[in-house]
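# Analysis of the macromolecular model
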Amino acid sequence: MAKAKRKFVCQQCGAVAARWQGQCEDCGEWNSIVEEAAETVFSSRHDLQNGGRAIALIGLDSKVELPPRTSTGIAEFDRALGGGIVTGSATLIGGDPGIGKSTLLLQAAARVAARGLSVAYISGEEATDQVRLRAQRLGLGNAPVMLASATSVRDILTTLSEGPPPALLVIDSIQTMHSDLIEGAPGTVSQVRASSQELIKFAKQRGTALILVGHVTKDGSIAGPRVLEHMVDTVLAFEGERSHQYRILRAIKNRFGGTDEIGVFAMVAEGLEEVANPSALFLTQRDETVTGATVFPALEGTRPVLVEIQALVVRLSSGATPRRAVVGWDSGRLAMVLAVLEARCGLSFSTCEVYLNVAGGYRLSDPAADLAVAAALVSALSEKPLPSDVVLFGEIALSSEIRAVAHAPLRLREAAKLGFNRAFIPAAAADGVKGIAVSGFRTLAQLVDQMLGRG
């Protein structure tokens, strides 16, 4: 048996170095490299083609039943999960501090337990009395949820193994858990990996649905080793600004469903409340038409969400370098739309400051928002408002062509349902739906000409 080698591991990205150094060469973080105990290396060579246990091989065309799901009692939570919690699955949910992760999981745990299922809530950050006080504030003080405050994985699994396994196990949070099988403080890469592995193993063997709460780094990604996201079945991101009322639960990875669904919640005094109509949350009162405001029917999974895009263009006379500020959209895509408006449509933004905002703190990644953004910029520059009953969507190419986008009828039906009467969309998707008049445009220049009244 060879002597164990010294190993230095970055606590941010998990990179391994042969010696200690101040800055990690992979992620660039400072003072994140810590020495950890390395596994003993065996130099003996064995033939791995013999002495093992034969495994069963099945055909890809073999029939398999869909995994059973347990509803959390919160429709928006079930939507993001793909229909409910799968028995024996492991789910990782991450989000900023104070965003409402513990509140959401406590509400879900209470509703699952109220249906007669066994639920265990293990908190490594709060005492049991603190959790009970929050439950009483949320009106869940009588829910039959088993609470505990512990950080030792061995103690947790020993306790849960003494009787029937719980149907749902919530660990808040995985960064506070500690395994005595390896050295290291809670929250380090090795401890997070080892603790998660033991908890997931228990969930798979005993048929318990496991939910892990994860901390996030300053850039919003889940803290700890990247392998943690590969170990679990589902990864959910809880997004939103604490200054805004809404919260969005978005699936990043889901082995048992799609990753294009979202759940929308509103933070109220009684906890997190489901939002059945998200469009009402992101649309402002539009009694009067204003310049630089357009409505875009975004699509999150199978759910259209109408959001308002606001633009402000300020002309500079001092010759200073103009600013480009964006909230809720990609700044690189804004630069591309501005370039197309200048090069293909004859509009000049070179001496103007441009501010773009997606109302309500919503974040857009759909390229179909290009046309709504361009129309908002043209309206702000010309100080000519668009009619308040118009929605716009379409992807803009560098040639000024407006390209068709996915699920146009679904977007139009949602707009018609909320009282919008007209839509400016790509000419290739100008079939329209009942209740809304459609105007198709082949190029962005055609839309600009109509907005500015140019012949």
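Note that this is a predicted model, so its numbers are computed, not measured.

For the protein chain, the helix and strand inventory stands at 11 helices and 23 strands. For the C-alpha atoms alone, the extent of the protein chain along its principal axes is close to 85 × 55 × 50 Å. Within the span of the protein chain, comprising 455 residues, buried residues form 47% of the whole. Counted over contacts in the protein chain with a minimum sequence separation of 6, partners at least 24 positions apart contribute 66%. If you average the places of the 45 positive and of the 47 negative side-chain charges in the protein chain, the two averages end up 2 Å apart.

Let us look at the UniProt feature "domain: RecA family profile" (unreviewed entry) in the protein chain. The UniProt record annotates "domain: RecA family profile" (unreviewed entry) at residues 66-216. Helix makes up 38% of residues 66-216 and strand 20%, with an end-to-end C-alpha separation of 32 Å.

Attention now moves to the sheet that holds strand S3 (residues 33-36). Across the sheet, 3 strands lie side by side as S2-S1-S3; this open sheet has antiparallel pairing. Every interior strand has two partners, whereas the edge strands, strand S2 (16-17) and S3, have only one. Alignment of strand S1 (residues 7-10) against S3, held across 4 bridges, turns out to be antiparallel. Across the sheet, the residue bridging to Phe 8 is Glu 35, located in S3.

Turning our attention to the domain arrangement of the protein chain. Structurally, the protein chain comprises domain 1 (1-42), domain 2 (69-276) and domain 3 (281-452). Spacing between the C-alpha centres of domain 1 and domain 2 amounts to 30 Å. Summing the contributions of domain 1 and of domain 2, the shared interface buries around 550 Å²; its carbon and sulfur component is 46%. Taken together, the links from domain 1 to domain 2 amount to 0 salt bridges. Of the residues assigned to the side of domain 1 that touches domain 2, the class counts are 3 nonpolar, 3 polar and 2 charged.

With that settled, consider the sheet that holds strand S8 (residues 146-149). Hydrogen bonding along the main chain pairs the strands of a sheet, whether they run parallel or antiparallel. Taken together, the 9 strands give an open sheet; going across it, the order is S8-S7-S9-S10-S6-S11-S12-S13-S14, and neighbouring strands pair in mixed fashion. Looking at the sheet topology across the chains shown, the edges are occupied by S8 and strand S14 (271-274). Going across the sheet, the axis of each strand differs from the next one's by a mean of 25 degrees, ignoring polarity. With 4 bridges joining them, strand S13 (residues 262-268) and S14 adopt antiparallel strand pairing. Residue pairing across strands places Ala 266 opposite Glu 273, the latter belonging to S14.

Turning our attention to the packing of helix H9 (residues 370-382) against helix H11 (residues 444-452). H11 packs onto H9 with a crossing angle of 35 degrees between their chain directions and a minimal axis gap of 11 Å. Both H9 and H11 take part in a crossing whose hand is right-handed. The residues of H11 that touch H9, namely those facing Leu 371, Ala 374, Ala 375, Val 378, Ser 379 and Ser 382, are Leu 444, Leu 447, Val 448, Met 451 and Leu 452. Across the contact of H9 with H11, the residue classes tally to 9 nonpolar, 2 polar and no charged.

Moving on, we get to unusual backbone geometry. Leaving glycine aside, a negative phi is the common case for residues, and trans is the common case for peptide bonds. The amide bond that connects Asp 172 to the next residue, Ser 173, takes the cis arrangement and shows omega of 5 degrees. Position of Ser 173 among the secondary structure elements: in the loop between strand S9 (168-172) and helix H5 (189-206). Positive phi outside glycine occurs at Asn 31, with the angle close to 55 degrees. Phi at His 407 is positive, roughly 55 degrees, even though this residue is not glycine. With respect to the element layout, His 407 can be found in the loop between strand S21 (402-403) and helix H10 (408-417).

Below, the discussion takes up helix H8 (residues 331-345). Taking 1.5 Å of rise per residue, the 15 residues of H8 would be expected to cover 21 Å, and the 20 Å separating its terminal C-alpha atoms lies within 8% of that figure. Within the sequence span of H8, burial applies to Leu 334, Met 336, Val 337, Leu 338, Val 340, Leu 341 and Cys 345. Two or three places before Gly 332, at the start of H8, stands the capping residue Asp 330, its side-chain oxygen 3.4 Å from that residue's backbone nitrogen. Taken from the residues just after H8, Gly 346 is the one with a positive phi, measuring 75 degrees.

Attention shifts here to the nonpolar core. Membership of the largest hydrophobic core comes to 69 residues, with the highest contact counts inside it found for Phe 296, Leu 341, Leu 364, Leu 377 and Leu 444. Sort the elements by how many residues they give to this core and H9 lands first, with 10 residues. There are two domains that each give this core at least three residues, and those are domain 2 (69-276) and domain 3 (281-452). For Phe 296, the contacting residues outside a window of four places in its chain are Val 305, Leu 306, Val 307, Ile 309, Leu 364, Asp 366, Ala 368, Ala 369, Ala 372, Leu 392, Phe 393 and Arg 411.

Moving on to the pattern of salt bridges. Inspection of every chain in the model, using the stated rule, returns 13 salt bridges. With a closest N to O distance of 3.2 Å, Glu 239 and Arg 250 form a salt bridge. Of this pair, Glu 239 sits in strand S11 (residues 234-239) while Arg 250 is found in strand S12 (residues 246-254), placing the two residues 11 residues apart along the sequence. Overlapping salt bridges bring together Lys 204, Asp 233 and Arg 255 as one network.

With that settled, the discussion passes to the pairing of S8. Across 4 bridges, strand S7 (residues 119-123) lies against S8 in parallel orientation. Within S8, the position partnered with Ser 123 by the bridge is Ser 149. Tracing the backbone out of S7, into helix H3 (residues 128-137) and back to the parallel element S8 gives a crossover that is right-handed.

In this fold, Ser 71 is placed in the loop between strand S4 (69-70) and helix H1 (75-81). Residue Ser 71 is classed as partly exposed on the basis of its relative accessible area, which comes to 33%. Residues Ser 71 and Leu 81, spaced 10 residues apart in sequence, show a C-alpha to C-alpha distance of 9.7 Å. Not counting residues up to four positions away in its chain, the partners in contact with Ser 71 are Asp 78, Val 112 and Arg 115. At 3.2 Å, the side chain of Ser 71 forms a polar contact with the backbone nitrogen of Gly 73. Only 2.7 Å separates the side chain of Ser 71 from the side chain of Asp 78, close enough to count as a polar contact.

Parameters at a glance
Residues numbered from 1 in each chain as written. Predicted model: local features only at pLDDT ≥ 70, side-chain atom pairs only at ≥ 80, totals over all residues. Heavy atoms only, no water. Helix = DSSP H or I, 4+ residues; strand = E, 2+ residues; numbered from the N terminus. Buried < 20%, exposed > 50% of the residue type's maximum accessible area, 1.4 Å probe, protein only. Contact = heavy atoms within 4.5 Å. Lys, Arg positive; Asp, Glu negative; His and termini not counted. Charge placed at Lys NZ, Arg CZ, Asp CG, Glu CD. UniProt positions renumbered as here; feature names shortened; annotations may be inferred. Pairing = 2+ DSSP bridges. Domains from an automatic or database assignment. Buried area = accessible area lost by both parts, 1.4 Å probe. Salt bridge = Lys/Arg side-chain N within 4 Å of Asp/Glu carboxyl O. Nonpolar A, V, L, I, M, F, W, Y, C, P; charged D, E, K, R; others polar. Axes fitted to C-alpha atoms, helices over the stretch in contact; angles between N-to-C directions. Left-handed = near helix turned anticlockwise from the far one by under 90°. Expected span 1.5 Å × (residues − 1). Polar contact = N/O pair within 3.5 Å; in protein donor to acceptor, adjacent residues only side chain to side chain. Core = buried A, V, L, I, M, F, W, Y, C linked by side-chain atoms within 4.5 Å. Right-handed = clockwise from strand over helix to strand, strands pointing away.

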